[in-house]
Amino acid sequence: GAGVSQSPSNKVTEKGKDVELRCDPISGHTALYWYRQSLGQGLEFLIYFQGNSAPDKSGLPSDRFSAERTGGSVSTLTIQRTQQEDSAVYLCASSLGGGVGTQYFGPGTRLLVL
Amino acid sequence: AQSVTQPDIHITVSEGASLELRCNYSYGATPYLFWYVQSPGQGLQLLLKYFSGDTLVQGIKGFEAEFKRSQSSFNLRKPSVHWSDAAEYFCAVGLSNQAGTALIFGKGTTLSVSS
């Protein structure tokens, strides 16, 4: 079946602009996660959503970062007033349920802030 | 704070030789432990996971890992490496509640396979 999809695959933006990154989880998966992979910091957890529960935002690096999940499916990660240090690959993952369900990762969105 | 350490940044192994990738974690409770692999241009793929029970866990592609509580380690092994195993390997600990599990990753180990 279809895996986790993310769009765009690549995004180049200018410093100070806002960007939106999209994630389509595997159908039926109730948990959705966002991670960031950068050369300096490695793989970092950002935020997760599980069903109708309040999202766990503990990994968001600043208030410029936000995410929403509409209808329990598609999620959008928004970065406002982008900075060069935001350049990274943003990965989305989904799992069938909460708890310790296996997370299936998408291919990522490579963001470059000039 | 919870953390994962992968001491080896880069390892080169001859094809057919055995492999061991090291992983140490810092976590107050019984951890949920994972190994993921990332091939060039590919997404992260789960190799295996440990939650409880038998401390030797088997994964896909012939990999196994052993949880050693006394050493806070979860090393990944493979008896005979294939050229297709060249990739980056990440160890992770899961911070879990009923809602979900945030994965805390190590910095990764890049595996090169020589012929």
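Please read all numbers here as calculations on a predicted model, not as lab measurements.

## Concerning the state of the cysteines
If you walk through the whole model with that rule in mind, you get two disulfides over all chains. Here Cys23 of chain A pairs with Cys92 of chain A through a disulfide, and the sulfurs are 1.8 Å apart. Taking the sign of the S-S torsion, about -65 degrees here, the bridge from Cys23 of chain A to Cys92 of chain A comes out left-handed. One end of the pair, Cys23 of chain A, is in strand 3 (residues 19–24); the other, Cys92 of chain A, is in strand 8 (residues 88–95), with 69 residues separating them in the sequence. Cys92 of chain A shares its class with Cys23 of chain A; the two are buried. For Cys23 of chain B, the disulfide goes to Cys91 of chain B, at an S-S distance of 2.0 Å. Note on the Cys23 of chain B and Cys91 of chain B pair: the S-S dihedral is about -65 degrees, so by sign convention the disulfide is left-handed. One end of the pair, Cys23 of chain B, is in the loop between strand 3 (19–21) and strand 4 (24–26); the other, Cys91 of chain B, is in strand 10 (residues 87–96), with 68 residues separating them in the sequence. Across this residue pair, the class does not change: Cys23 of chain B and Cys91 of chain B are buried.

Basis of the calculations
- Sequence positions are assigned chain by chain, starting from 1 and proceeding in written order.
- Note on labels: chains are lettered from A, ligands numbered from 1, in written order.
- Totals for whole chains, interfaces and linings use every residue, but because this is a predicted model, local features are given only for residues with pLDDT of at least 70 and side-chain atom pairs only at 80 or more, for both listing and counting.
- The basis for every side-chain value is the complete set of non-hydrogen atoms in the structure, without hydrogens or water.
- Throughout, a disulfide means two cysteine sulfur atoms within 2.5 Å of one another.
- To qualify as a helix, a DSSP run of H or I must reach at least 4 residues; to qualify as a strand, a run of E must reach at least 2; elements of each kind are numbered from the N terminus.
- Buried, partly exposed and exposed residues are distinguished by accessible area as a fraction of the type maximum, computed with a 1.4 Å probe on protein chains only: under 20%, between the cut-offs, and over 50%, respectively.

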